[in-house]
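Chain residues, written in single-letter form:
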Amino acid sequence: MAGKQDAISGARTPEELETLFEDSLLLRDYQVLTALFESGATLVMGREQPVRGGEAIARTALATCNGIGAYVADPRRVLLARNCALVITEQGINVMHRGDDGVWRYAIVVHAVEESN
């Protein structure tokens, strides 16, 4: 598990961002979770309406028990193009951007939510 200091300094790789995301959800750390997203980031969970902005995404993610709250960092494929990354996981697809500060943040998170019968 990454430490709080790691989260404060930011992710240096897309894989590290995935780990910080999982850890911040597990620890229910709103402050760290908010910092993992670009200001105009978008979260899509299943068929729900998109949620925009780091603060709204953090609130939604932490309020969801069965969906993104159970997120597991398991990047299956990471495709890089300069300062952009496409990360394919078992649970969805994430688009990340590396800022001028060298820190990776989420721009788009598409999280597949399993439908219960």
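This text follows the structure it describes.
Conventions and cut-offs
- Residues numbered from 1 in each chain as written.
- Predicted model: local features only at pLDDT ≥ 70, side-chain atom pairs only at ≥ 80, totals over all residues.
- Heavy atoms only, no water.
- Helix = DSSP H or I, 4+ residues; strand = E, 2+ residues; numbered from the N terminus.
- Pairing = 2+ DSSP bridges.
- Contact = heavy atoms within 4.5 Å.
- Axes fitted to C-alpha atoms, helices over the stretch in contact; angles between N-to-C directions.

(A) The arrangement of unusual backbone geometry in detail. Even without being glycine, Arg28 reaches a positive phi, approximately 55°. Tracing the backbone shows Arg28 in the loop between helix H2 (14–26) and helix H3 (30–35). A positive phi angle, near 55°, is found at Arg82, a position not held by glycine. Examined against the element boundaries, Arg82 turns out to sit in the loop between strand E3 (77–81) and strand E4 (84–88).

(B) Up close: the sheet that holds E4. Ordered by their spatial adjacency, six strands build an open sheet running E2-E1-E6-E5-E4-E3, and the pairing between neighbours is mixed. On the outer flanks of this sheet lie strand E2 (51–52) and E3, each paired with one strand and no other. In the sheet, strand E5 (residues 92–98) pairs with strand E6 (residues 104–111) via seven bridges, with the strands oriented antiparallel. Counterpart to Asn94 in the pairing with E6 is Val109. The strands touched by H2 within the sheet are strand E1 (37–45), E3, E4, E5 and E6, with E6 carrying the most contacts at an inclination of about 65°. Helix H4 (residues 54–63) rests against E1 and E2 of the sheet, and its axis sits at about 35° to E1.

(C) Spatial organisation of the pairing of E5. Sheet analysis places E4 next to E5, joined by five bridges and oriented antiparallel. Looking at E5, one finds that Cys84 is bridged to His97. Counted between consecutive antiparallel strands, the loop separating E4 from E5 contains three residues. Hairpin geometry of E5 and E6 is characterised by an intervening segment of five residues between the two adjacent antiparallel strands and by a positive phi of about 85° at Gly102.

On their own, these measurements won't tell you what the molecule is for.
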